[in-house]
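# Report on the structure
Here are the chains, one letter per residue:
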Amino acid sequence: MNATSAVSRFRRRLPLAAGVAAGGVLLLASPAFAHVSVQPGTAEKGGYGTIALKVPNEKDNASTVKLELTLDPQHPLASVMPQPVPGWDIKVEKSKLDKPLQTDDGTVNEAVTKITWSGGKIDPGQFQQFPLSVGPLPKDADQLTFKALQTYSDDDVVRWIDASKPGGQEPEHPAPVLKLVDKAGARTDDKPAAAAPAEKSGSGSDTTARALGGAGIALGAAGVAYGVFAGRRRRTADAS
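A brief report on the enclosed structure follows.

A few words on the overall build of the protein chain. What the protein chain contains, in helices and strands, is two helices and 12 strands. What you see in the protein chain, going N to C, is helices and strands ordered as α-β-β-β-β-β-β-β-β-β-β-β-β-α. Within the protein chain, buried positions represent 33% of all 240 residues. A sequence separation of at least 24 residues applies to 74% of the contacts in the protein chain between residues at least 6 apart. Entry remark: accessible area of the protein chain is about 14,600 Å², with carbon and sulfur atoms responsible for 54%.

Given below as C-alpha coordinates:
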(Lines give C-alpha, C1' and ligand atoms only; values in the text may rest on other atoms or scores of the structure.)
Protein backbone atom coordinates (compact mmCIF):
# COMPACT_ATOMS: atom_id res chain seq x y z
CA MET A 1 0.00 0.00 0.00
CA ASN A 2 1.52 3.36 -1.04
CA ALA A 3 1.55 6.48 1.15
CA THR A 4 -1.21 8.18 -0.86
CA SER A 5 -3.62 5.25 -0.34
CA ALA A 6 -2.85 5.13 3.39
CA VAL A 7 -3.58 8.84 3.82
CA SER A 8 -6.77 8.51 1.78
CA ARG A 9 -7.99 5.59 3.94
CA PHE A 10 -7.18 7.51 7.14
CA ARG A 11 -9.19 10.49 5.92
CA ARG A 12 -12.18 8.26 5.13
CA ARG A 13 -12.10 6.68 8.62
CA LEU A 14 -11.58 9.90 10.58
CA PRO A 15 -15.26 11.07 10.47
CA LEU A 16 -16.38 7.62 11.67
CA ALA A 17 -13.91 7.72 14.56
CA ALA A 18 -15.06 11.22 15.49
CA GLY A 19 -18.69 10.11 15.45
CA VAL A 20 -17.93 7.14 17.69
CA ALA A 21 -16.05 9.40 20.10
CA ALA A 22 -18.96 11.83 20.16
CA GLY A 23 -21.38 9.00 20.90
CA GLY A 24 -19.18 7.90 23.77
CA VAL A 25 -19.22 11.39 25.25
CA LEU A 26 -22.99 11.54 24.96
CA LEU A 27 -23.29 8.18 26.66
CA LEU A 28 -21.18 9.40 29.55
CA ALA A 29 -23.20 12.61 29.63
CA SER A 30 -26.47 10.86 30.38
CA PRO A 31 -27.64 11.47 33.98
CA ALA A 32 -26.32 8.52 35.97
CA PHE A 33 -27.47 9.73 39.36
CA ALA A 34 -30.96 11.16 39.71
CA HIS A 35 -31.93 11.20 43.37
CA VAL A 36 -35.09 12.12 45.23
CA SER A 37 -34.26 15.58 46.52
CA VAL A 38 -35.69 18.71 48.14
CA GLN A 39 -36.11 21.77 45.92
CA PRO A 40 -34.96 24.40 46.73
CA GLY A 41 -32.22 22.94 48.88
CA THR A 42 -32.15 25.73 51.46
CA ALA A 43 -34.67 27.59 53.60
CA GLU A 44 -34.60 30.26 56.29
CA LYS A 45 -34.34 29.25 59.93
CA GLY A 46 -37.42 30.12 61.94
CA GLY A 47 -39.50 30.97 58.88
CA TYR A 48 -42.12 29.40 56.66
CA GLY A 49 -41.36 28.15 53.19
CA THR A 50 -42.60 26.20 50.22
CA ILE A 51 -40.48 23.23 49.22
CA ALA A 52 -41.02 20.38 46.78
CA LEU A 53 -39.88 16.78 46.68
CA LYS A 54 -38.42 16.18 43.24
CA VAL A 55 -38.89 12.52 42.28
CA PRO A 56 -37.28 11.29 39.05
CA ASN A 57 -38.18 7.93 37.51
CA GLU A 58 -34.94 5.99 37.21
CA LYS A 59 -36.27 2.90 35.46
CA ASP A 60 -36.77 2.24 31.76
CA ASN A 61 -39.41 -0.47 32.18
CA ALA A 62 -41.51 0.64 35.18
CA SER A 63 -43.32 3.73 36.45
CA THR A 64 -43.19 5.30 39.91
CA VAL A 65 -46.61 4.80 41.50
CA LYS A 66 -46.13 5.83 45.13
CA LEU A 67 -43.99 8.12 47.30
CA GLU A 68 -43.87 7.84 51.08
CA LEU A 69 -42.19 10.70 52.92
CA THR A 70 -41.25 10.55 56.61
CA LEU A 71 -40.44 13.90 58.21
CA ASP A 72 -37.48 14.51 60.50
CA PRO A 73 -38.57 13.17 63.92
CA GLN A 74 -35.94 15.25 65.70
CA HIS A 75 -37.48 18.50 64.50
CA PRO A 76 -41.30 18.29 64.23
CA LEU A 77 -43.05 21.10 62.38
CA ALA A 78 -46.21 22.78 63.58
CA SER A 79 -47.52 23.29 60.06
CA VAL A 80 -47.12 20.93 57.09
CA MET A 81 -49.57 21.32 54.20
CA PRO A 82 -49.23 19.40 50.93
CA GLN A 83 -50.29 21.07 47.70
CA PRO A 84 -52.65 18.98 45.54
CA VAL A 85 -50.92 17.21 42.66
CA PRO A 86 -53.21 16.32 39.74
CA GLY A 87 -53.75 12.57 39.49
CA TRP A 88 -52.32 11.80 42.92
CA ASP A 89 -54.07 10.97 46.21
CA ILE A 90 -52.54 12.36 49.41
CA LYS A 91 -52.61 10.76 52.84
CA VAL A 92 -51.32 12.79 55.82
CA GLU A 93 -50.47 11.06 59.09
CA LYS A 94 -49.98 12.84 62.43
CA SER A 95 -48.48 11.70 65.70
CA LYS A 96 -48.73 13.00 69.25
CA LEU A 97 -45.66 14.92 70.34
CA ASP A 98 -43.71 13.98 73.46
CA LYS A 99 -42.88 17.65 73.84
CA PRO A 100 -45.59 20.10 72.61
CA LEU A 101 -44.55 22.93 70.33
CA GLN A 102 -45.13 26.52 71.37
CA THR A 103 -46.13 28.73 68.45
CA ASP A 104 -47.60 32.19 67.94
CA ASP A 105 -50.98 30.50 67.50
CA GLY A 106 -50.73 28.51 70.72
CA THR A 107 -49.58 25.05 71.77
CA VAL A 108 -49.32 22.27 69.20
CA ASN A 109 -49.65 18.74 70.62
CA GLU A 110 -49.38 16.74 67.40
CA ALA A 111 -47.51 17.14 64.14
CA VAL A 112 -47.39 15.61 60.67
CA THR A 113 -44.94 12.72 60.63
CA LYS A 114 -45.64 11.04 57.28
CA ILE A 115 -47.16 11.90 53.90
CA THR A 116 -48.00 9.39 51.16
CA TRP A 117 -48.75 10.19 47.53
CA SER A 118 -50.33 7.39 45.48
CA GLY A 119 -52.72 6.76 42.59
CA GLY A 120 -50.67 8.59 39.98
CA LYS A 121 -47.60 7.58 38.03
CA ILE A 122 -44.28 8.94 36.85
CA ASP A 123 -43.35 7.35 33.55
CA PRO A 124 -39.79 6.46 32.48
CA GLY A 125 -37.79 9.51 31.49
CA GLN A 126 -39.99 11.86 33.56
CA PHE A 127 -40.07 13.36 37.04
CA GLN A 128 -42.71 14.81 39.34
CA GLN A 129 -42.59 17.41 42.10
CA PHE A 130 -44.67 17.21 45.26
CA PRO A 131 -44.92 20.65 46.91
CA LEU A 132 -45.25 21.25 50.65
CA SER A 133 -45.78 24.37 52.74
CA VAL A 134 -43.80 23.95 55.97
CA GLY A 135 -42.98 25.95 59.09
CA PRO A 136 -41.98 27.41 61.28
CA LEU A 137 -38.62 25.83 60.56
CA PRO A 138 -36.36 25.19 63.55
CA LYS A 139 -33.88 27.84 64.61
CA ASP A 140 -31.57 25.41 66.42
CA ALA A 141 -30.79 23.07 63.51
CA ASP A 142 -28.72 23.33 60.36
CA GLN A 143 -30.79 20.90 58.31
CA LEU A 144 -33.89 18.73 58.16
CA THR A 145 -33.44 15.16 56.96
CA PHE A 146 -36.36 13.38 55.32
CA LYS A 147 -36.72 9.71 54.43
CA ALA A 148 -38.46 8.73 51.20
CA LEU A 149 -39.64 5.39 49.83
CA GLN A 150 -40.20 5.28 46.07
CA THR A 151 -42.40 2.43 44.85
CA TYR A 152 -42.42 1.29 41.22
CA SER A 153 -45.11 -0.47 39.22
CA ASP A 154 -43.01 -3.67 39.27
CA ASP A 155 -43.23 -3.63 43.11
CA ASP A 156 -39.60 -2.56 43.51
CA VAL A 157 -39.13 -0.13 46.42
CA VAL A 158 -36.14 2.23 46.48
CA ARG A 159 -35.36 3.49 50.00
CA TRP A 160 -33.90 7.00 49.96
CA ILE A 161 -32.87 6.92 53.61
CA ASP A 162 -29.06 6.81 53.75
CA ALA A 163 -27.37 9.56 55.72
CA SER A 164 -24.70 11.63 53.98
CA LYS A 165 -21.49 12.27 55.90
CA PRO A 166 -19.75 15.66 55.51
CA GLY A 167 -16.69 15.24 53.35
CA GLY A 168 -17.49 11.58 52.70
CA GLN A 169 -18.60 9.73 49.59
CA GLU A 170 -22.26 10.14 48.76
CA PRO A 171 -24.28 7.01 49.64
CA GLU A 172 -26.09 5.08 46.95
CA HIS A 173 -29.53 6.20 48.13
CA PRO A 174 -29.08 9.49 50.04
CA ALA A 175 -31.96 10.83 52.10
CA PRO A 176 -33.41 14.16 50.91
CA VAL A 177 -32.03 17.05 52.98
CA LEU A 178 -33.24 20.62 53.46
CA LYS A 179 -30.43 22.86 54.67
CA LEU A 180 -31.40 25.62 57.08
CA VAL A 181 -29.59 28.93 56.83
CA ASP A 182 -29.73 32.38 58.37
CA LYS A 183 -31.88 34.93 56.62
CA ALA A 184 -29.01 36.42 54.60
CA GLY A 185 -28.28 33.05 52.97
CA ALA A 186 -31.82 31.91 52.23
CA ARG A 187 -33.90 32.24 49.07
CA THR A 188 -36.37 35.08 49.33
CA ASP A 189 -38.77 34.31 46.49
CA ASP A 190 -40.41 31.45 48.44
CA LYS A 191 -41.36 29.65 45.23
CA PRO A 192 -41.38 25.86 44.84
CA ALA A 193 -39.00 24.35 42.36
CA ALA A 194 -42.01 23.39 40.22
CA ALA A 195 -42.24 27.02 39.11
CA ALA A 196 -38.76 26.87 37.61
CA PRO A 197 -37.89 25.34 34.22
CA ALA A 198 -37.14 21.63 34.57
CA GLU A 199 -33.65 21.96 33.13
CA LYS A 200 -32.69 24.37 35.92
CA SER A 201 -33.90 22.21 38.78
CA GLY A 202 -31.17 19.56 38.55
CA SER A 203 -27.98 19.24 40.58
CA GLY A 204 -24.40 19.98 39.63
CA SER A 205 -24.20 16.59 37.95
CA ASP A 206 -26.96 17.71 35.51
CA THR A 207 -24.85 20.75 34.56
CA THR A 208 -21.84 18.55 33.94
CA ALA A 209 -23.96 16.19 31.84
CA ARG A 210 -25.18 19.07 29.66
CA ALA A 211 -21.62 20.33 29.20
CA LEU A 212 -20.38 16.88 28.19
CA GLY A 213 -23.35 16.42 25.90
CA GLY A 214 -22.60 19.72 24.15
CA ALA A 215 -18.98 18.72 23.72
CA GLY A 216 -20.02 15.39 22.22
CA ILE A 217 -22.38 17.04 19.74
CA ALA A 218 -19.71 19.56 18.73
CA LEU A 219 -17.16 16.77 18.26
CA GLY A 220 -19.57 14.75 16.12
CA ALA A 221 -20.41 17.79 13.98
CA ALA A 222 -16.70 18.51 13.49
CA GLY A 223 -16.15 14.91 12.34
CA VAL A 224 -18.97 15.12 9.83
CA ALA A 225 -17.74 18.47 8.50
CA TYR A 226 -14.22 17.11 8.10
CA GLY A 227 -15.57 14.04 6.31
CA VAL A 228 -17.42 16.24 3.79
CA PHE A 229 -14.33 18.39 3.30
CA ALA A 230 -12.06 15.35 2.86
CA GLY A 231 -14.50 13.79 0.39
CA ARG A 232 -14.55 16.91 -1.75
CA ARG A 233 -10.77 17.10 -1.79
CA ARG A 234 -10.54 13.43 -2.72
CA ARG A 235 -13.00 13.84 -5.62
CA THR A 236 -11.14 16.92 -6.83
CA ALA A 237 -7.82 15.04 -6.73
CA ASP A 238 -9.32 12.05 -8.58
CA ALA A 239 -10.77 14.32 -11.26
CA SER A 240 -7.40 16.01 -11.85
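A few words now on unusual backbone geometry. A cis amide bond, omega -10°, links Q39 with the succeeding residue P40. For P40, the position within the fold is in the loop between β1 (37-39) and β2 (42-44). Geometrically, the link from G135 to P136 is a cis peptide bond, its omega value of -15° lying close to zero. Looking at where P136 falls in the secondary structure, it is placed in the loop between β8 (127-135) and β9 (143-145). Even without glycine at this site, D155 takes up a positive phi of about 75°. Here D155 lies in the loop between β10 (147-152) and β11 (157-160).

A few words now on the pairing of strand β4 (residues 64-70). Across six bridges, β4 lies against strand β7 (residues 106-122) in antiparallel orientation. Paired with T70 across the two strands is K114, which belongs to β7. In the sheet, β4 pairs with β10 via six bridges, with the strands oriented antiparallel. Considered in β10, the bridge of T64 is made with Y152.

A few words on the sheet that holds strand β12 (residues 177-181). Within the open sheet, the three strands sit side by side as β2-β12-β9. Their pairing is mixed. Two strands in the sheet have a free side with no partner beyond their single neighbour: β2 and β9. Pairs of neighbouring strands in the sheet enclose a mean axial angle of 30°, with direction left out of account. Two strands pair when backbone bridges link them, and β2 and β12 are joined in this way by three bridges, in the parallel orientation. Each bridged residue has a counterpart across the sheet, and for E44 the counterpart in β12 is V181.

Conventions and cut-offs
Residues numbered from 1 in each chain as written. Predicted model: local features only at pLDDT ≥ 70, side-chain atom pairs only at ≥ 80, totals over all residues. Heavy atoms only, no water. Helix = DSSP H or I, 4+ residues; strand = E, 2+ residues; numbered from the N terminus. Buried < 20%, exposed > 50% of the residue type's maximum accessible area, 1.4 Å probe, protein only. Contact = heavy atoms within 4.5 Å. Areas by Shrake-Rupley, 256 points an atom, 1.4 Å probe, with all protein chains shown as cover. Pairing = 2+ DSSP bridges. Axes fitted to C-alpha atoms, helices over the stretch in contact; angles between N-to-C directions.

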